[in-house]
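A closer look at the structure
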Amino acid sequence: MQKLDDTIAAIATAAGEAGIAVVRLSGADALAIADRVFRGTTPLARARGHTLHTGWVVWPSDRGLEPHDPAGAHELRDARRDEVPGSSRSATTTGRATTPPDSSRIDQVVAAVFRAPRSYTREDVVEISCHGGGLSAARVLATLRCAGARLARPGEFTLRAFLNGRIDLAQAEAVADVIHAESEAARLLAVSQLAGDLSRRLSEVEERLTDALSEVEARVDFAEDVGGIEVPAHVVAAIVAVEERLAAMLAGSAFARAIREGVRLPLVGRPNVGKSSLFNALLGEERAIVTPIPGTTRDRVSEAIEVGGVRFTLSDTAGLRASSEPVEAIGVARAEEAIQESPLVLWVIDGSERLTDEDRRIAGLLAGKRIVIALNKRDLGSRVSAVEVESLVNGDSRRRAVEISAASRQGLEDLERSLLELLGRDGAAPLAGAVANPRHVDSLEGARAALVRAVAVAADGAPGEIIALELRESLAAIGEVTGRTVAEDLLDRIFGRFCIGK
Ligand SMILES: Nc1nc2c(ncn2[C@@H]2O[C@H](COP(=O)(O)OP(=O)(O)OP(=O)(O)O)[C@@H](O)[C@H]2O)c(=O)[nH]1
Ligand SMILES: [Mg+2]
């Protein structure tokens, strides 16, 4: 495991011009280290928790100061050389401070003191708000590293919050989701997970399974006292109830995942059916070129829209047909790639004409996809029915045809509703506590499968040991989500994806 008793520091805000930037410091020595560089009215070591202190960050005095973090010391020395005229020779030859007091100032700051355990990490934390921009925060960080702090690894503050028990793993992962949310629904979903909605649902499940497990184990251990080792019906019923609970949670996961991650949606179809017109209509602007000439679109053009909280990245593509014209042929190849990459496709058909062989060939390319079929040009009449076109596509594909007119915007709301339904939206299912993270989906599917097996072997009259085994496996899989049973390399993988300072 990573060393966790040292004190870490990092810039917690994004780089660039801004009013303020925040440098975070966490660990047993946070207050002592901050005091080496902070000049306020009182030392922070004497401050109470949850208090703010104005003052200056200055270069640390060299007396008694070991460069604990060589990189920090190095940056600091470089910085001094830049800033202090004439100091370069002495700084490099002796490595001692020659900085006069007026240029020892780095920035005027506000230091926020949080005392363990009432802090983000449950350790002593100091958050130094300095001015934004390229240099202040970097210099404050360099002084802190020189004063004894180590540069934090990606996600290390949140990792400490998890390891110190302030939040569970699902909540820790929600921190990254809040930061990366690109739609309002994605943000709400992430905030719900951060607040512990998913964790609470899972801890209920864990509790019920633990009860069932202890009852099964008691029968195994004291077979004579409790009358045989067969698992009684009420325990099996409890296991079934938990399994159903997990199934219900997982049923909403496809849509929750679409909200969390967004969805790619290529518009495909043969030339001239109105793909670019529909792309523009959905976008609400004339983004793609529309002409009556078949083969107008060549390059893929992508733009994001939000429908029902889901961020769709639409891409307009070249009309699919065999073409000997080289530029068009490249466009067609790109359109076919777009189909392959995306599980969800918007297939545009000219509904005012009879279906063509090209339409039938395209239907073959779409096998196994979730497909919304736009029967376009409804304003010119209707020569293809929804049933007819739905029956073109392989029966395993989930599909829905909607009559629209890109020109008059007729049917667009229906089309959007169909997209959401095909993604698995269940209007009645609450998003709070939904399972949106694919890692969680995998674990909970494993947990559920173990319960299905437990119920099946119980029905066959299997001994309690076998059922206990499955229940333990199910609990372990749930524990991978909450972090109760989690391997170290998994933690490394999860937190390694965070940014430094989170
Ligand atoms: N009447 C009517 N015309 C439409 C409609 N949608 C598109 N069109 C017309 O159909 C022609 C082709 O439209 P595009 O949007 O360029 O078709 P496309 O599928 O992108 O064509 P390519 O890029 O060539 O593959 C244009 O003249 C459009 O104005 C519609 O709903 N009704
Ligand atoms: Mg086009």
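These figures come from a predicted structure and were not determined experimentally.

With an omega dihedral of 0°, the bond running from A116 to P117 counts as a cis peptide bond. In this structure, P117 sits in the loop between β5 (105–114) and β6 (125–131). At K377, a residue that is not glycine, the phi angle is positive and equals roughly 60°. If you trace the backbone, K377 turns up in the loop between β12 (370–376) and α14 (386–392). For R409, which is not glycine, the phi dihedral falls at a positive 65°. Secondary-structure assignment places R409 in the loop between β13 (398–403) and α15 (412–422).

As for its placement among the helices and strands, Q410 is situated in the loop between β13 and α15. On the basis of relative accessible area, Q410 is assigned to the partly exposed category, the value being 38%. Each C-alpha atom, one on Q410 and one on D379, is 8.5 Å from the other, the two residues being 31 residues apart in sequence. Residues within four places of Q410 in sequence aside, it is in contact with R378, E403, I404 and S405.

Protein-derived coordination of the magnesium ion (ligand 2) comes from S276 (OG) and T297 (OG1), at a distance range of 2.0 Å. With S276 in helix α11 (residues 275–283) and T297 in the loop between α11 and β9 (301–307), this residue pair connects regions lying 21 residues apart in the sequence. Comparing S276 with T297 shows no difference in burial state: the two are buried.

Turning our eyes to something else, we now look at the site of ligand 1. Around ligand 1, the surrounding shell holds 23 residues, and the nearest of these are K275, S277, G295, T296 and D379. The separation between an oxygen atom of ligand 1 and a polar side-chain atom of S277 is 2.5 Å. A distance of 2.8 Å separates a nitrogen atom of ligand 1 from a polar side-chain atom of D379. Sort the elements by how many residues they give to the shell around ligand 1 and α11 lands first, with three residues. In terms of residue class, the shell around ligand 1 is built from nine nonpolar, eleven polar and three charged.

On to the pattern of salt bridges. The final tally for this structure, using the stated rule, is 36 salt bridges. A salt bridge links E204 to R245, with the shortest nitrogen-to-oxygen separation between them at 3.2 Å. Highlighted residues: E204 in helix α8 (residues 197–221) and R245 in helix α9 (residues 233–251), separated in sequence by 41 residues. Where salt bridges share partners, they join D6, E123, R150, R153, E156 and R160 into one cluster.

So, on to the side chain of T7. Within the fold, T7 resides in the segment before β1 (8–11). A residue is classified by how much of its surface remains accessible, and T7, at 3% relative accessible area, is buried. Beyond its immediate chain neighbours, meaning those up to four positions away, T7 contacts L25, S26, G27, A28, D29, A30, I33, G148, A149 and R150.

This brings us to helix α13 (residues 357–365). Three or more residues of α13 are buried, namely D359, I362 and A363. Buried residues of α13, seen end-on, are gathered within an arc of 105° and therefore sit on one face of the element. Of the residues in α13, the exposed ones pointing more than 90 degrees away from the buried face are D357 and G364. The secondary structure elements touched by the buried residues of α13 are β11 (344–350) and α14.

For the rest of this paragraph, the subject is the sheet that holds β11. The six strands lie next to each other as β9-β10-β8-β11-β12-β13, forming an open sheet whose pairing is mixed. Here the strands that pair on one side only, and so sit at the sheet edges, are β9 and β13. Across the sheet, the mean angle from the axis of one strand to that of its neighbour is 25°, orientation sign disregarded. Relative to strand β10 (residues 310–316), β9 runs antiparallel, the two sharing seven bridges.

So, on to the environment of A9. Along the chain, A9 falls in strand β1. Separated by 141 residues in sequence, A9 and R150 place their C-alpha atoms 6.1 Å apart. Every residue in contact with A9, bar those within four places of it in the chain, is listed here: R24, L25, L141, L144, A149, R150, L151, A152 and F157.

Take the sheet that holds strand β4 (residues 51–58) next. Ordered in space as β3-β4-β5-β6-β2-β1-β7, the seven strands form an open sheet in which the pairing is mixed. The strands lining the two open edges of the sheet, one partner per strand, are β3 (38–40) and β7 (150–151). In this structure, β4 lies alongside β5, joined through eight bridges in antiparallel fashion. Bridge assignment links W56 to a residue of β5, and that residue is Q108. Contacting β1, β2 (20–26), β4, β5, β6 and β7, helix α4 (residues 136–146) crosses the sheet at an angle of about 145° to β6. Relative to β1, helix α5 (residues 156–163) is tilted by about 135°, and along the sheet it contacts β1, β2 and β7.

What follows concerns the packing of aromatic side chains. In total, this model carries two aromatic pairs according to the counting rule given. Between F162 and F495 the ring centres are 6.5 Å apart and the planes differ by 25°, which places this aromatic pair in the stacked class. One end of the pair, F162, is in helix α5; the other, F495, is in helix α18 (residues 488–496), with 333 residues separating them in the sequence. Each of the two residues, F162 as well as F495, counts as buried. Between F495 and F498, the ring centres sit 5.2 Å apart and the planes meet at 35°, which makes this aromatic pair tilted. Its end group placed over the ring of Y120, R166 keeps NZ or CZ at 4.9 Å from the ring centre.

For β3 and β4, the ladder comprises three bridges, and the chain directions are antiparallel. When the bridges of β4 are listed, R39 appears paired with W56.

If you look at the biggest cluster of nonpolar residues, it comprises 39 residues, and the most contacted ones within it are L278, V310, F312, L314, L346 and L415. Contacts of L415, omitting those with residues within four sequence positions, involve L278, L282, L346, V372, A374, V402 and I404. Membership of the second largest hydrophobic core comes to 29 residues, among which are L209, V441, L444 and A447.

About the criteria used
Residues numbered from 1 in each chain as written. Chains lettered and ligands numbered in written order. Predicted model: local features only at pLDDT ≥ 70, side-chain atom pairs only at ≥ 80, totals over all residues. Heavy atoms only, no water. Helix = DSSP H or I, 4+ residues; strand = E, 2+ residues; numbered from the N terminus. Buried < 20%, exposed > 50% of the residue type's maximum accessible area, 1.4 Å probe, protein only. Contact = heavy atoms within 4.5 Å. Donors = N, O, S within 2.8 Å, 3.2 Å for Na, K, Ca; no water. Near = heavy atom within 4 Å. Polar contact = N/O pair within 3.5 Å; in protein donor to acceptor, adjacent residues only side chain to side chain. Nonpolar A, V, L, I, M, F, W, Y, C, P; charged D, E, K, R; others polar. Salt bridge = Lys/Arg side-chain N within 4 Å of Asp/Glu carboxyl O. Arc of directions from axis to C-beta. Pairing = 2+ DSSP bridges. Axes fitted to C-alpha atoms, helices over the stretch in contact; angles between N-to-C directions. Phe/Tyr/Trp six-rings, centres within 6.5 Å; stacked < 30°, edge-to-face > 60°. Lys NZ or Arg CZ within 6 Å of the ring centre and 35° of its normal. Core = buried A, V, L, I, M, F, W, Y, C linked by side-chain atoms within 4.5 Å.

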